[in-house]
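Observations on the three-dimensional arrangement
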Amino acid sequence: MPQRELVLTLLPALSPLMTRLPSLLRSLLARSSSHPLTLVVFVGAIAVLGGCKTIPEGHSAVNEVQVRGTDKLDEDDVKDKIATTETSKFLMLFRGILFEYSVFDRFVLQRDLARVEAFYRSKGYYDVHARAGRVHQIDDKHVRVEIVVEEGPPVVVKTVHIDGLDGLDPKVVAAAKSAATAGLPLEKPFAEEDFKKTEGNVRRALTDSGYAYAKVKSDAAVDIVTHNVDVVMTVTPGPKCVFGDVRIEGLGSLPEKQIRRTIDITPGKPYSEKELDDAQQALLDLGVFASVELKPDLPGTPPPAPNKPGMSDEQQTGQKDEQGKQGEGSGSPGAAGPPPPGPPVVPIRVTLEPSRLRTVRVGGGLEFDALKTNVHGLLGWENRNFLGGLRTFSVQFRPGVVLYPMRVNNLVAPTKFLLEERLRLELSQPSFLEARTRGFLRPELNIYPVLLNPNPPPDERVIGYGEVRNAAGLERTIWKFFGSFSHNLQVAYPFAYVHGKDPTLSLVVISYPELYTTFDFRDDKIHPTKGVFIGNTFQVAGQIFGGNANDFKVQPEARAYVPLYKKKLVFATRGSIGLLEAQNYGKVVQNGPSNGLDPPSADRTKDYQLTFFRGFFSGGPNQNRGYPIRGVGPYDIVPFLTPEIEAGKINAECTSTAGTVEDRCRTPTGGFTLWEASAELRYSVTGPLSVAAFCDSSDVSPRQNDFRFDHLHLSCGGGGRYDTPAGPIRLDVGYRLPGLQVLGGLTRDERNPETLFGIPIAVHIGIGEAY
């Protein structure tokens, strides 16, 4: 019986079930906690009954399409050019559910062979033959299609020559030739797309230097016998131009004065297409436009060039100066002649499409990791033209509750509900001080518990902080460079969630300027496949800026991305170091872990507090994925985190029979020297799904300027990514390799990390790539 007839036959029998569906759902949900398989089966049944598709009578569905012989080009790129496609799978497992079957058509396949050959020729393979379209009948309803390609040798670029550059500035000539050789490298396959793109890049080299009317005509002489191609580009530069008036369309109610200041194009300045691109990006960065277009108003025929042909700009300028001197020496006003014509003026038309200026956000989320379980909401509001002037003002409020002590390795009912919240406001002003610099003010008010230990001792004290933060500064983007300079103030007041607050805890005030810089040469910020990213953070706390902490802190970082196999396999690597030079704190941590018997002291407590707020930590989804958050670094008994300070209490609960301090009583303190190194292979499987294999290594030392490269903390693992509009959702599992954590064994300042199900692993879920 066909599937559709089967479903229609079952529908009358299902009607009693539909009337009882609400009660069945309630029963199902009640049982799903103890029997999750029940829920999975039920959802699967609904998907099958509600989304089954059928294959038309007399036809076959395409289960698989293979293109064999694609040694030089990517098979997926070839398959994108043909009309015969594979049937999509629901959950990548089941055909015919939710997705329609892809029906095989022999005539379409014949045309696909021609499409494959045309695609190869566009890439320089003129001798290609798609010699066969084979159809393998799997059964009476399903086929597998195979296309065999004989690529043949490619036609390669032999020479690239540019005519029409005589008399231009040597810098312009060099830029044009560089664009030509970079776009069409010699002895490489001649691709039509690269040919057209290089023609535009050569023209761009001229338009960036003032030649708004520049034209480039390209010809390619292909020799099929020798498999060579000679490229000739003929350049007509036209006159050198300057910017004219800027006309703005589609402004609506937005302030024109602010928009013009952001555009920052002055009439009379030398024309440059790069200036137009920079102005377009600056307008988009305002966040108030859905689209921005800047175009020069060029008439069909360029005006005559004021310069004489065959003379460079410098020669022409020198001749004008000489003529002026001769005119002055003659003493006759008429001897100077008429003034030379000025350069042609190019007006600019700016077309804008404003977007919504106000946004409201409502949402929520769940955190479930080795340290805590947190349920939170999210409320946000943003106005991108606050009080006029294109100021951006935003408010983000995130209230939440920590279900204590529930966590990944402690699945118990919560006994305490620890309320927390994070409130952030931001006010930014574009064109602050100058056209492309943005000023910002970012105050915060946060209340949160300090949960550091993945396996705390029973009845551990839980402290929290009420924290006020503020950052005020400037930020600027120039080409691939981004820089931000700000002053930051942090005031944290301790209190107790569970048990009383330790009397030695006190208010912490940290004040520091920060300089953050990056150079970003990646091809894509969300899915990078090639390029380099370099960043650095530099801070100076205390000194003349006040506060409790006096230190210098620097943390450079570098990332690199290399495509290995066409577009599907990418090698990514990251490295970072951190140095914290503390001047008035850190002695307690640097002198090694305590035995918990030291008497309480306000100075010791302040030392721990400042090291926690200013020190380095490692471990987590974006650092060392074999460890939980803050899992790599020095550990110690922190007295103000225990329910009682008395030495006898600590000695009884935290000292093993061997006389050593148990790991569960020691918490991360933060350190002063950091190094991190990571490498990752990313492979695109199909559509939005990709997988990765990685190795991470890192260490945090309790001492200053102490890089301990024998403390590897090496973890390797793998994970999957599923791409979404918000970025890839990432699941990584890292395994700590035995014997490669600390060579020679753990030192006194470290502890054995917690295991998951008895295995030395950590599981992390995040949004976006790790780096």
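Thresholds applied
- Residues numbered from 1 in each chain as written.
- Predicted model: local features only at pLDDT ≥ 70, side-chain atom pairs only at ≥ 80, totals over all residues.
- Heavy atoms only, no water.
- Helix = DSSP H or I, 4+ residues; strand = E, 2+ residues; numbered from the N terminus.
- Buried < 20%, exposed > 50% of the residue type's maximum accessible area, 1.4 Å probe, protein only.
- Contact = heavy atoms within 4.5 Å.
- Disulfide = S-S within 2.5 Å.
- Lys, Arg positive; Asp, Glu negative; His and termini not counted.
- Salt bridge = Lys/Arg side-chain N within 4 Å of Asp/Glu carboxyl O.
- Polar contact = N/O pair within 3.5 Å; in protein donor to acceptor, adjacent residues only side chain to side chain.
- Expected span 1.5 Å × (residues − 1).
- Axes fitted to C-alpha atoms, helices over the stretch in contact; angles between N-to-C directions.
- Parallel < 35°, antiparallel > 145°, perpendicular 65-115°, else oblique.
- Nonpolar A, V, L, I, M, F, W, Y, C, P; charged D, E, K, R; others polar.
- Pairing = 2+ DSSP bridges.
- Left-handed = near helix turned anticlockwise from the far one by under 90°.

Turning our eyes to something else, we now look at the overall build of the protein. Secondary structure summary: the protein contains 13 helices and 29 strands in total. Burial statistics for the protein: of 771 residues in total, 41% are counted as buried. The long-range share in the protein, meaning contacts at least 24 apart out of those at least 6 apart in sequence, stands at 65%.

Okay, the state of the cysteines next. Evaluated as defined, the whole model comprises 1 disulfide. C695 shares a disulfide with C716; S-S distance 2.0 Å. Across the S-S bond of C695 and C716 the torsion is about 105°, and the bridge reads as right-handed. With C695 in strand β26 (residues 689-701) and C716 in strand β27 (residues 715-722), this pair connects stretches of sequence that are 21 residues apart. For C716, a relative accessible area of 18% puts it in the buried group.

To continue, consider the side chain of R438. Turning to its location among the elements, R438 is positioned in strand β16 (residues 437-449). Buried charge R438 goes without a salt bridge, the closest partner of opposite sign being E475 at 4.3 Å. Within the local environment of R438, its side chain forms a polar contact with the side chain of S428, the two groups lying 3.0 Å apart. Setting aside its immediate chain neighbours within four residues, R438 contacts D285, L286, T392, S428, Q429, P430, F432, G473, L474 and E475.

A word on helix α7 (residues 192-207). For α7, built from 16 residues, the straight-helix expectation of 22 Å at 1.5 Å per residue is met to within 8% by its first-to-last C-alpha distance of 23 Å. Restricting attention to buried positions, one finds in α7 the residues F195, T198, V202, A205, L206 and T207. For α7, the elements touching its buried residues are α6 (170-183), β7 (215-223), β8 (228-236) and α9 (273-285).

The next thing to look at is the packing of α7 against α9. Relative to each other, α7 and α9 sit at 95°, their axes nearing to 7 Å. Here α7 is positioned roughly perpendicular relative to α9, judged by the angle of their axes. Taking contact as the criterion, the partners of R203, R204 and T207 in α7 are, on α9, E273, K274 and D277. Partitioned by chemical class, the residues of the contact of α7 with α9 number no nonpolar, 1 polar and 5 charged.

What follows concerns the sheet that holds strand β4 (residues 129-139). Across the sheet, which stays open at both edges, the 3 strands sit in the order β1-β5-β4 with mixed pairing between neighbours. Across the chains shown, the open sheet's two edge strands, defined by having one partner strand only, are β1 (61-68) and β4. For this sheet the average axis-to-axis angle between neighbouring strands, irrespective of direction, equals 15°. Where β1 lies against strand β5 (residues 142-150), 7 bridges are found, and the strand directions are parallel. Pairing of E64 across the sheet is with R144, part of β5.

Their axes nearest at 8 Å, the elements α6 and α7 cross at an angle of 165°. By the angle between their axes, α6 is roughly antiparallel relative to α7. Two packed elements cross with a definite hand, and for α6 against α7 that hand is right-handed. Contact residues: V172, A175, A176, A179, A180 and G183 in α6; D194, T198, N201, V202, A205 and L206 in α7.

Turning our eyes to something else, we now look at the sheet that holds strand β9 (residues 242-249). The strands that make up a sheet pair up through hydrogen bonds in the backbone, lying either parallel or antiparallel. Spatially, β9-β11-β10 is the arrangement adopted by the 3 strands of the open sheet, whose pairing is mixed. At either end of the open sheet lies a strand with only one pairing partner, and these are β9 and β10 (289-296). Each neighbouring strand pair of the sheet contributes to a mean axis angle of 20°, computed without reference to strand direction. Strand direction decides the pairing type here: β9 and strand β11 (residues 345-354), joined by 6 bridges, are parallel. Paired with R247 across the strands is R349, a residue of β11. Where helix α8 (residues 256-263) meets the sheet, it contacts β9, β10 and β11, and its direction lies at approximately 145° from that of β9.

In this structure, strand β12 (residues 358-368) lies alongside strand β13 (residues 373-383), joined through 11 bridges in antiparallel fashion. Its bridge partner lying in β13, V360 is registered against W381. Hairpin connection from β12 to β13: 4 residues lie between these consecutive antiparallel strands.

By themselves, these observations are geometric and do not establish any function.
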